[in-house]
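Take a look at the letters that make up each chain.
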Amino acid sequence: MVKLLNTLFSGSLILLSFIIFLNPKNYNIKANKWFSGFIFCVFLISFQTLLLDLSLESDNSFIEIIVSIAVFSVAPVLYLSVRYFIEPETKWTTTDYFHFLFASLFTALSMIALFEDDNNKVENISSEIVALTELIFNLIFSIQVILYCLLSLRKILRHQKNVWLFSSSTENIDLKWLEFICIGILIMSIFWVIDIIFDLSTKSSIFDYFTSSLYLTSVFFITYNWLKQKEIYPYNNDIKKEINKIIIETDTPESNKKKLISDERLDEIKIDLLNLMETKKPFLDCELNLVKLASELKLSSHLLSYSLNKGFNENFYQFVNRYRVEEAKKILIDSSKNNLNLVGIAFEVGFNSKTAFNTTFKKITNQTPSDYKKLNS
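The rules behind the values
- Residues numbered from 1 in each chain as written.
- Predicted model: local features only at pLDDT ≥ 70, side-chain atom pairs only at ≥ 80, totals over all residues.
- Heavy atoms only, no water.
- Helix = DSSP H or I, 4+ residues; strand = E, 2+ residues; numbered from the N terminus.
- Buried < 20%, exposed > 50% of the residue type's maximum accessible area, 1.4 Å probe, protein only.
- Contact = heavy atoms within 4.5 Å.
- Areas by Shrake-Rupley, 256 points an atom, 1.4 Å probe, with all protein chains shown as cover.
- Axes fitted to C-alpha atoms, helices over the stretch in contact; angles between N-to-C directions.
- Parallel < 35°, antiparallel > 145°, perpendicular 65-115°, else oblique.
- Nonpolar A, V, L, I, M, F, W, Y, C, P; charged D, E, K, R; others polar.
- Salt bridge = Lys/Arg side-chain N within 4 Å of Asp/Glu carboxyl O.
- Polar contact = N/O pair within 3.5 Å; in protein donor to acceptor, adjacent residues only side chain to side chain.
- Patch = residues over 30% accessible without salt bridge, like charges linked within 9 Å, V, L, I, M, F, W, Y side chains within 5 Å.
- Lys, Arg positive; Asp, Glu negative; His and termini not counted.
- Charge placed at Lys NZ, Arg CZ, Asp CG, Glu CD.

Student: Just give me the short version of the overall build of the protein chain, but keep the residues and values in it.
Tutor: Secondary structure summary: the protein chain contains 16 helices and 0 strands in total. Split into buried and exposed, the 377 residues of the protein chain put 41% on the buried side. Restricting to contacts in the protein chain with at least 6 residues of sequence separation, those with at least 24 account for 73%. Taken as a whole, the protein chain presents about 21,200 Å² of accessible surface, with 61% of it coming from carbon and sulfur.

Student: Break down the packing of helix α9 (residues 237-251) against helix α12 (residues 301-312) for me, citing the residues and quoting the values.
Tutor: Two elements in contact, α9 and α12, have axes whose closest approach is 8 Å; the angle formed by their N-to-C orientations is 30°. If you check the angle between α9 and α12, you find them roughly parallel. Counting all contacts with α9, which are made through Glu242, Lys245, Ile246 and Glu249, the residues of α12 involved are Ser301, His302, Ser305 and Tyr306. Here the residues of the contact of α9 with α12 are counted per class, giving 2 nonpolar, 3 polar and 3 charged.

Student: Which residues make up the pattern of salt bridges, and what values do they have?
Tutor: Where charged atoms from two side chains of opposite charge come close, those side chains can pair. Per the stated rule, a full pass over the model turns up 13 salt bridges. The partner of Arg158 in a salt bridge is Asp251, with the nearest N and O atoms 2.7 Å apart. Residue Arg158 is located in helix α5 (residues 127-162), and its partner Asp251 is located in helix α9; the two are separated by 93 residues in the primary sequence. Take Arg158: its relative accessible area is 47%, and that puts it in the partly exposed class. Judged by relative accessible area, Asp251 falls into the partly exposed class, the value being 43%. For the salt bridge of Glu326 with Lys329, the shortest nitrogen-to-oxygen distance reads 3.2 Å. Pair noted here: Glu326 and Lys329 are both in helix α13 (residues 316-332), with a separation of 3 residues, about one helical turn.

Student: Describe the environment of Leu304, and please don't skip the residues or the numbers.
Tutor: With respect to the element layout, Leu304 can be found in helix α12. Expressed as a C-alpha distance, the spacing of Leu304 and Leu266, which sit 38 residues apart in the sequence, is 9.6 Å. Those residues within four positions of Leu304 in sequence are excluded, and the remaining contacts are Leu273, Leu290, Leu293, Ala294 and Leu297.

Student: Which residues make up the side chain of Gln160, and what values go with them?
Tutor: Here Gln160 lies in helix α5. Judged by its relative accessible area of 14%, Gln160 is buried. A polar contact is formed between the side chain of Gln160 and the backbone oxygen of Asp174, at a distance of 3.3 Å. Contact partners of Gln160, with chain neighbours within four places excluded, come to Asp174, Leu175, Lys176 and Glu179.

Student: Please set out a positive patch on the surface residue by residue, giving values where relevant.
Tutor: A contiguous patch of positive charge on the surface is contributed by Lys30, Lys91, Lys241 and Lys245. Here Lys241 lies in helix α9.

Geometric descriptors of this kind do not, in isolation, establish any biological role.
As C-alpha cells, then:
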C-alpha cells in the first residue's frame, strides 16, 4: 500500500509542477515559476525514494548528484517562491546565490569524487563511515528545511498584515495556504529529525504509511488552493511602488513618519471620504481595494492610506469592513429582508465569504451575526 501511495504521489507531483509552470491564468508569474521548481525538486526526491521502494535504483552517479542538488535546493526554492509572491518586483542580487551554497558545495564535492581516479569504492568504505555520512547529510537537510520554513513563515505573517493596507477582502491573497504548507513541512521536518535519531521508519510500517498518506493529501491541498489563488498585486508598476511606500511607512516608527499634508487638507479628505461612503456606498463592492477608492476621491493611494491612518486611526481593511458590518446590522434587523440568510447578507454588504463575514462581524461587535439578530429582532 505504501508503494502505491508513493507512486501516486510522485506521478501527481510531476503533473502539478508542469501545470504550475504553465500557469494558464498568468497570475503571480515569477512566484509560480519558483513554486513550480519547488514542486519539481520534491518530485525528484520522491522519485528516488520510489525507485528504492521498487528496487529499481539506478547506479548512475549523475542522477544521484541531480537528486542531491534537489535535496539541498528544495527549501531555498520554496523560500524564494514565497518571497516573489509577496515581493514580485524584487530584483535578483548576488547575495541570493548564497541560498544555494550547500547545493553548490555538494555538487562540487560530488563531481570531484566522480571523476577522481582511485579505488575508494563504496564497498571498500566501512559501514560506520557510510552511516555517519548519511546521518550528517540527513541532519543538514532537515535543519536547512526548518530554517527556511521559519523564514518563509515570517514573511507570510508580515504579508498578512500588509494586505490589510490595500485590500478589503484578503482571503485569496493572504497566502494562508502557503502558511499551512510551511507549517506542514516544518512539522514533517521535526518528524524527520526524530526518525533520524530513533530510526522509527524501520521499526514500524505505520510511520511510513502515515507519511505517505500525508504527502499525497498535501498534493490535493496544494492543487486546490493554487487553483483558487488570485493576482496579489493586480496593479501597474506605479501603483505597486505606491503600495510599497505605504508598507514601508507603516513599518516606520511613529516618531520618524513624515507629515504629508496639512491638518486642514486632512479634514477636507475626511469629509469627502465620509460623504462618499454614505452616498455611493463603495464598500458594497466585494472587490473594493485602496486603488479603486482613491480613484473615486481623485487621490493617490498613498495619500488615502495616510488619511485613513491619521484621520481615523484605521487601515483600509478596518475602515471598509466597519462600514460593511454597520450595513449588515441594519439588514439583520430589517423585517423586510427576512428572506436573506447569513450568506446572502454577507454578499449583500460586500463580503465574499460567510467565514470572513462572521469573523469580522464578531471582531467588531463581539457578537456573531446570528446572536446580534436574536438580540435585536
